[in-house]
Amino acid sequence: MSKSNLLMITTLGLIFTIVESMRFDLQSGHTKCISEDINSSAISVGKYNAVNPNEGFPLPDTHKINVRVTSPYGNNYHHGDQVDSGNFAFTAAEAGDYTTCFTALEHKPETTVAIEFEWKTGVAAKDWSKIAKKEKVEVMEIELKKLLDTVTSIHEEMFHLRVREEEMQQLNQSTNSKMAGLSFLSIVVCLSVAGLQLWHLKSHFERKKLL
């Protein structure tokens, strides 16, 4: 395999592999949700922690959070109550938007909780160092395994996008058909109203003997 092909596959792998690392602030009593479109059978791992505002001291109770990870159909994949950190890992049972919600506990006076969150999906979610140790493979072999998983991920993503495109086309066709039906119905109603108005005017003029 040429260097250019390896570079192209690696670049595509970066595009189709989801790695999200972020830090955000959350006010007491408020909730922030983050969604990710994940393919069926894809591995997903995440870790989070509330940032201690006073380094060297225990984390205050005001910085405890509730965390919940759910599937597109509302199935619960992870749930943490009044925690300061945690992690989750799962294999997606169905394709769609998976959601992670963070809720800061109610507190008076209101405080701001800083949260660090990292979410990996696909090839990036695998711990390749553990795989290498377990299978006793060389560096080149593990790189080839990564490339193979990347190509598989790209293929699955392409298939997923094709399915989504077909669904959108069907939705557009259905919408166009409904709009055409509504337009025809509107024309029929307008013509009917115009006909009734003409009939009413003609009847009125005939009664007044103007016609």
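Residues numbered from 1 in each chain as written. Predicted model: local features only at pLDDT ≥ 70, side-chain atom pairs only at ≥ 80, totals over all residues. Heavy atoms only, no water.

- Per an unreviewed UniProt entry, the recorded name for the protein chain is GOLD domain-containing protein, and the organism is Salix viminalis.
- In UniProt, the protein chain has this text filed under Subcellular location (unreviewed entry): "Membrane".
- Quoted verbatim from the Sequence similarities (unreviewed entry) field of UniProt, the annotation for the protein chain is "Belongs to the EMP24/GP25L family." (UniProt positions renumbered as here; feature names shortened; annotations may be inferred.)

**Details of unusual backbone geometry**
Then comes step 1: Cis geometry marks the peptide bond from Lys-108 to Pro-109; its omega dihedral reads 0°.
Then comes step 2: Looking at where Pro-109 falls in the secondary structure, it is placed in the loop between strand 7 (96–104) and strand 8 (112–121).
Then comes step 3: Of note in this structure, Ser-41 is not a glycine but carries a positive phi near 75°.
Then comes step 4: Relative to the helices and strands, Ser-41 is located in the loop between strand 2 (31–38) and strand 3 (43–50).
Then comes step 5: Although it is not a glycine, Gln-82 sits at a positive phi angle of roughly 50°.
Then comes step 6: Within the fold, Gln-82 resides in strand 5 (residues 76–83).
Then comes step 7: For Gln-82, a relative accessible area of 55% corresponds to the exposed category. (Helix = DSSP H or I, 4+ residues; strand = E, 2+ residues; numbered from the N terminus. Buried < 20%, exposed > 50% of the residue type's maximum accessible area, 1.4 Å probe, protein only.)

**Observations regarding the sheet that holds strand 5**
Then comes step 1: The strand order 2-7-4-5 describes an open sheet built from four strands, whose pairing is antiparallel. Only two strands of the sheet have a single neighbouring strand rather than two, namely strand 2 and strand 5. Each adjacent strand pair in this sheet contributes to an overall mean axis angle of 10°, direction not counted. (Pairing = 2+ DSSP bridges. Axes fitted to C-alpha atoms, helices over the stretch in contact; angles between N-to-C directions.)

**Some remarks on the state of the cysteines**
Then comes step 1: Tallying each qualifying case throughout the model produces one disulfide.
Then comes step 2: Between the sulfur atoms of Cys-33 and its disulfide partner Cys-101 the distance amounts to 2.0 Å. Taking the sign of the torsion about the S-S bond as the criterion, the disulfide between Cys-33 and Cys-101, at about 110°, is right-handed. Of this pair, Cys-33 sits in strand 2 while Cys-101 is found in strand 7, placing the two residues 68 residues apart along the sequence. (Disulfide = S-S within 2.5 Å.)

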